[in-house]
Amino acid sequence: MAEKLDYSNLGFAYHTPEKRYVANFKNGAWDEGGLSGDSNVVLNESAGVLQYCQQVFEGLKAYRWKDGSIVCFRPDLNAERMFRSAAFLEMPSFPVERFLSALDEVVKANADSVPPYGTGGSLYIRPYLFASGIVIGVQPAEEYQFRIFTTPVGPYFKGGATPIALMVSDFDRAAPHGTGAIKAGLNYAMSLHSHEIAKNKGFAENVYLDAAKREFVEETGGANILFVDREDRLIVPKSDSILPSITRRSLLYVAEEILHIPVEERPVRFSEIPDFKECGLCGTAAVISPVGKIQDHDREILFPSGMEKPGKIMAKLYETLSGMQNGEIPAPEGWIRKIL
């Protein structure tokens with residue numbers, strides 16, 4: 001990488017990579033694809049992604065371990081989720097094995113950008129697929145492009161994870177039987193207005209309730225939500241409108257099978273929240289972001305774990321999963337894909 005990086009102050013930002021992967025779908029088939037040195041995407045003004053938002057994406061990371069090797073964490077699940085997301089938006093899914101092969105290529109090509117072990121940094125990887133073909137009537141396009149780019153990022157929590165505050169949104173994130181369970185850019189676009197309202201009021205994120213009855217907890221604009229009850233059980237909201245997070249899925253396994261923490265995955269009523277003692281958001285960027293309080297209009301719900309440090313269950317889950325990702329704790333078979 002031509003750019004000299006200060007790994008101690010890297011943050012979460014885009015740094016132009018040396019190479020990215022590009023494949024095109026035309027005449028009913030994907031071409032062989034390959035690496036490209038061009039970071040620009042050139043589209044016709046009537047491309048389907050610009051007119052009708054046909055786009056899906058993923059987010060994952062590559063980590064450099066102490067022995068110098070470079071690995072990814074459960075990328076097969078990202079490939080499978082993207083395959084399903086694309087199909088839901090009437091896009092040609094990119095084959096899972098080709099996704100993994102492309103991932104290997106692009107990480108190897110940008111290996112010099114993977115932050116050193118011990119810095120807390122990683123190589124963030126963004127696969128995405130969009131309609132490049134021309135459309136004007138409301139219909140799926142006939143041509144598509146799949147790309148993967150990378151960017152080195154620093155530790156999400158510099159100096160430790162300080163709990164964040166959330167607010168309950170008056171907007172809905174996703175409708176029942178809608179697109180909430182797929183990872184499409186359109187879902188995130190719909191949350192931006194609500195996110196800015198929360199940000200301007202001093203909150204890190206929104207809590208969205210179910211759109212039908214506004215009785216059940218769903219997720220936030222960019223992450224799944226987890227709770228710990230008074231009996232130290234991990235309580236996980238369940239809904240067909242929630243994005244199936246790979247981090248959440250991994251944390252549930254870690255809790256039950258490794259840490260022997262009881263797990264309940266079920267619909268969670270918002271009225272239950274004052275009875276929980278810990279809360280956290282989970283996702284690729286931070287693994288777990290601890291939550292200290294939720295503002296429900298004029299009512300403040302403060303978790304017993306407080307605003308100073310993560311609760312003990314959230315801290316243990318974070319320590320275990322991040323330890324697996326960084327090669328410090330053995331991971332279950334098949335969770336680690338060694339690339340170099």
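Check the entry above for the structure.
This structure is a prediction, so every number in the text was calculated from the model and none was measured.

Caption draft 1: Seen up close, a nonpolar patch on the surface. There is a patch of nonpolar side chains on the surface, built from Val41, Leu43 and Leu50 and spanning about 220 Å² of accessible area. Residue position: leucine 50 is located in helix 1 (residues 48-52).

Caption draft 2: Just the packing of helix 2 (residues 75-88) against helix 3 (residues 96-109), in detail. Where helix 2 meets helix 3, the axes come as close as 9 Å, and the angle between the chain directions of the two elements is 130 degrees. Taken together, the axes of helix 2 and helix 3 are oblique relative to one another. When the axes of helix 2 and helix 3 are compared, the crossing they make is right-handed. Listed contacts from helix 3 to Pro75, Asp76, Asn78, Ala79, Glu80, Met82 and Phe83 of helix 2 are Val96, Phe99, Leu100 and Leu103. When grouped by side-chain class, the residues that make up the contact of helix 2 with helix 3 number eight nonpolar, one polar and two charged.

Caption draft 3: Highlighting the side chain of arginine 20. Along the chain, arginine 20 falls in strand 1 (residues 20-26). Within the buried set, arginine 20 has no salt-bridge partner at all; the shortest N-O distance to an opposite charge, 6.6 Å, is to aspartate 38. There is a polar contact of 3.1 Å between the side chain of arginine 20 and the backbone oxygen of proline 17. Here glutamate 18 takes part through its backbone oxygen, which lies 3.4 Å from a polar atom of the side chain of arginine 20.

Caption draft 4: Quick look at the pattern of salt bridges. One pass over the structure, following the stated rule, counts 16 salt bridges. In this structure, aspartate 172 and arginine 214 form a salt bridge, with 3.0 Å as the shortest nitrogen-oxygen distance. Of this pair, aspartate 172 sits in the loop between strand 9 (164-168) and helix 4 (185-200) while arginine 214 sits in the loop between strand 10 (205-207) and strand 11 (224-228); the two residues are 42 residues apart in sequence, bridging distant segments of the chain. Look at arginine 214 and you get partly exposed, because its relative accessible area is 30%. Two residues, aspartate 229 and arginine 233, come together in a salt bridge whose shortest N-O distance is 2.7 Å. The class of aspartate 229 is buried, set by a relative accessible area of 7%.

About the cut-offs
- Residues numbered from 1 in each chain as written.
- Predicted model: local features only at pLDDT ≥ 70, side-chain atom pairs only at ≥ 80, totals over all residues.
- Heavy atoms only, no water.
- Patch = residues over 30% accessible without salt bridge, like charges linked within 9 Å, V, L, I, M, F, W, Y side chains within 5 Å.
- Areas by Shrake-Rupley, 256 points an atom, 1.4 Å probe, with all protein chains shown as cover.
- Salt bridge = Lys/Arg side-chain N within 4 Å of Asp/Glu carboxyl O.
- Helix = DSSP H or I, 4+ residues; strand = E, 2+ residues; numbered from the N terminus.
- Axes fitted to C-alpha atoms, helices over the stretch in contact; angles between N-to-C directions.
- Parallel < 35°, antiparallel > 145°, perpendicular 65-115°, else oblique.
- Left-handed = near helix turned anticlockwise from the far one by under 90°.
- Contact = heavy atoms within 4.5 Å.
- Nonpolar A, V, L, I, M, F, W, Y, C, P; charged D, E, K, R; others polar.
- Buried < 20%, exposed > 50% of the residue type's maximum accessible area, 1.4 Å probe, protein only.
- Lys, Arg positive; Asp, Glu negative; His and termini not counted.
- Polar contact = N/O pair within 3.5 Å; in protein donor to acceptor, adjacent residues only side chain to side chain.

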